[in-house]
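The primary structure of each chain is shown beneath.
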Amino acid sequence: MKLKKIIGAAVAAALAVGCTGGGQGAPPDTAAPESNSSPESQTSSAPGSPVTLADPNISVIYWRSERSYLTEKARQPNLFDAVWETKPLFEERYGGKVNIEYVEWNGMLARMVELQSAGAAPDLIEVYDRVMHNMIFQGAVMPLTDYVTDADFGFWDVDRDLFSWKGVPYAIPWKPYLTALMFNRDLIDLYGLEMPDELYKRGEWTFDKFREIVLATTRYVDGEASTLGFGSWVGDGMSRFLVANGSAFIDVDTAAGTASSGFDNQRLINTLDWMRSWGGGAMPGWVTDADMFGYFDNGGLALIDGKEYGTGEYPFEVGMVPYPKGPDSPVEKPVVVMPQGMAVPAGAKNPEGAVEFMRMLNQLWYEKGNSMEAAIIGQDYYDMIYNDPGSKCVYAFDKAVSNIDQVTGTIKNYLGDEVPASTIAETLNPELKAAIELVYGGQ
């Protein structure tokens, strides 16, 4: 099955690409590797790659240091970081130097602006749902029309519109970030419930089944939680349930250049009311933010979005599963992921080299990174997510406004007070619409 592009206007901001054999698609004119291909396989040239570069030197702002990567890799040999793995291959092929400057996640944009102001703009910086559109509208990143080809969007079969605005591409996507849930098999089994991964495989991992597990595993003693059903960061968990139900906080149409409030979408209202049924009230089954980690590590949490499956050891059996399917979802088996890629900052001295680095990165990720991911999570889970014909990766650009954390936090408080979603929408819609207008108005 070939990866699919945007599902259609009915999904609005929820963008979907199919998850397919070999790990989300294949670059043009490249055969898909076998599922058991060796992680040490040699990387072939990406489609459209030049034989030489006029300038073989590029600079990258990146959130992971080399020391951190090597330390993590010593603990998990199959860990794959595409940026650090591509660096030596690029340098060997073109004879230049890839300067990767480590900057912590929340400081990358400020460092980019600092370097731009000094006339030393980097050539690549990571972009994602919270920042990309703001960077485009502020002129902080370059249009890439003259530098990219269709092949640059073919590795994960992502349409140009996803990382474009009104038809102009501003970033090259890399593999979307999987936001699966890890679950405590022992705790779920204690209550005689079926495992989420088995439900998913049969196409029965739904909002109703998720709610059943959360309510069954949530226990309070004298008003204090002893076990809970679900843990996540507030905004992330809320957004991912929305996307799994075909909605989002902001409905963005990148091709038309429009954005509107998700509170005008009945699917969002329905999703929030469902969340209130298990995550609201005086004794909710939802634990948020840093508090979730202690519950899970000590065996007191059934499902968590905040830990990477396959990268830790626990005194109980664990499993993984995508977010559950909502009743309004147009997709049979939605797999909620986060859109991400690399953009070329305005003022960059070597956009040609930057684009070529991304071509090599995606080729390497496809040929090597996918099999290493399968080794970490297990081939069975890898096939369940990426090789199931019914699975589709869904995601949304729905957090680009400055007040999104305030909005999601307020929603969580309202859900705790059991306020109906229609009332929440009526209360917060003017605030969200004003914030959307500040970012997208006139663009």
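I will try to describe carefully the structure that is included in this document. (Residues numbered from 1 in each chain as written. Predicted model: local features only at pLDDT ≥ 70, side-chain atom pairs only at ≥ 80, totals over all residues. Heavy atoms only, no water.)

What to know about the environment of Trp174
Okay, step 1: With respect to the secondary-structure elements, Trp174 resides in the loop between strand S7 (172-173) and strand S8 (177-178).
Okay, step 2: Distance in space between the C-alpha atoms of Trp174 and Asn362 is 6.2 Å, their sequence separation being 188 residues.
Okay, step 3: Residues within four places of Trp174 in sequence aside, it is in contact with Tyr62, Val83, Glu126, Trp156, Gln340, Gly341, Met342, Met358, Leu361, Asn362 and Trp365. (Helix = DSSP H or I, 4+ residues; strand = E, 2+ residues; numbered from the N terminus. Contact = heavy atoms within 4.5 Å.)

Here we look at the environment of Asp152
Okay, step 1: With respect to the helices and strands, Asp152 occurs in the loop between helix H4 (132-137) and strand S5 (164-165).
Okay, step 2: We classify Asp152 as buried; its relative accessible area is 3%.
Okay, step 3: Sequence-wise, Asp152 and Gln363 are 211 residues apart; in three dimensions their C-alpha atoms are separated by 9.9 Å.
Okay, step 4: Sequence-distant contacts of Asp152, defined by excluding residues within four places in its chain, comprise Tyr147, Ile172, Pro173, Val355 and Arg359.
Okay, step 5: In terms of polar contacts, Asp152 uses its side chain to reach the backbone amide nitrogen of Thr149, at 2.8 Å. (Buried < 20%, exposed > 50% of the residue type's maximum accessible area, 1.4 Å probe, protein only. Polar contact = N/O pair within 3.5 Å; in protein donor to acceptor, adjacent residues only side chain to side chain.)

Overview of helix H12 (residues 379-386)
Okay, step 1: Here H12 has its buried residues at Tyr381, Tyr382, Met384, Ile385 and Tyr386. Taken around the axis of H12, the buried residues stretch over an arc of 165°, which confines them to a single face. (Arc of directions from axis to C-beta.)

Here we look at the packing of helix H2 (residues 82-94) against helix H11 (residues 351-377)
Axis angle and axis distance: for two packed helices, these are the angle between their axes and the distance between the axes, and together they describe the pair.
Okay, step 1: Following both chains from N to C, one finds H2 and H11 inclined at 120°, their axes separated by 9 Å at the closest point. Classified by the angle between their axes, H2 and H11 sit oblique to one another. Classified by chirality, the crossing of H11 by H2 is right-handed. Seen from H2, the contacting residues are Ala82, Val83, Glu85, Thr86, Lys87, Leu89, Phe90, Arg93 and Tyr94; seen from H11, they are Gly353, Glu356, Phe357, Met360, Leu361, Leu364, Trp365 and Lys368. (Axes fitted to C-alpha atoms, helices over the stretch in contact; angles between N-to-C directions. Parallel < 35°, antiparallel > 145°, perpendicular 65-115°, else oblique. Left-handed = near helix turned anticlockwise from the far one by under 90°.)

Side note on the sheet that holds strand S2 (residues 58-62)
Okay, step 1: Strand order in this open sheet of 5 strands is S3-S2-S4-S18-S7, and the pairing throughout is mixed. Two strands in the sheet have a free side with no partner beyond their single neighbour: strand S3 (98-102) and S7.
Okay, step 2: This element, helix H3 (residues 108-117), spans S2, S3 and strand S4 (124-128) of the sheet and lies at about 145° to S2. (Pairing = 2+ DSSP bridges.)

Quick notes on the pairing of strand S9 (residues 181-184)
Okay, step 1: On S9, burial covers both faces: Leu181 and Phe183 on one face and Met182 and Asn184 on the other are all buried.
Okay, step 2: Pairing between S9 and strand S16 (residues 318-321): 4 bridges, direction antiparallel. If you follow Phe183 over to S16, its bridge partner there is Gly319.
Okay, step 3: In terms of strand pairing, S9 meets strand S15 (residues 301-305) through 2 bridges, oriented antiparallel. Within the sheet, the bridge partner assigned to Met182 lies in S15 and is Ile304.

Examining the nonpolar core
It is characteristic of soluble globular proteins that their nonpolar side chains tend to be buried jointly.
Okay, step 1: Counting 141 residues, the largest nonpolar core has Phe210, Phe230, Leu303 and Ile411 as the members making the most contacts within it.
Okay, step 2: Counting residues per element, this core draws most heavily on H11, at 13 residues. (Core = buried A, V, L, I, M, F, W, Y, C linked by side-chain atoms within 4.5 Å.)

Examining unusual backbone geometry
Okay, step 1: Phi at Lys166 takes a positive value of approximately 55°, unusual for a residue other than glycine.
Okay, step 2: Along the chain, Lys166 falls in the loop between S5 and strand S6 (168-169).

That's the geometry; what it means functionally is another story.
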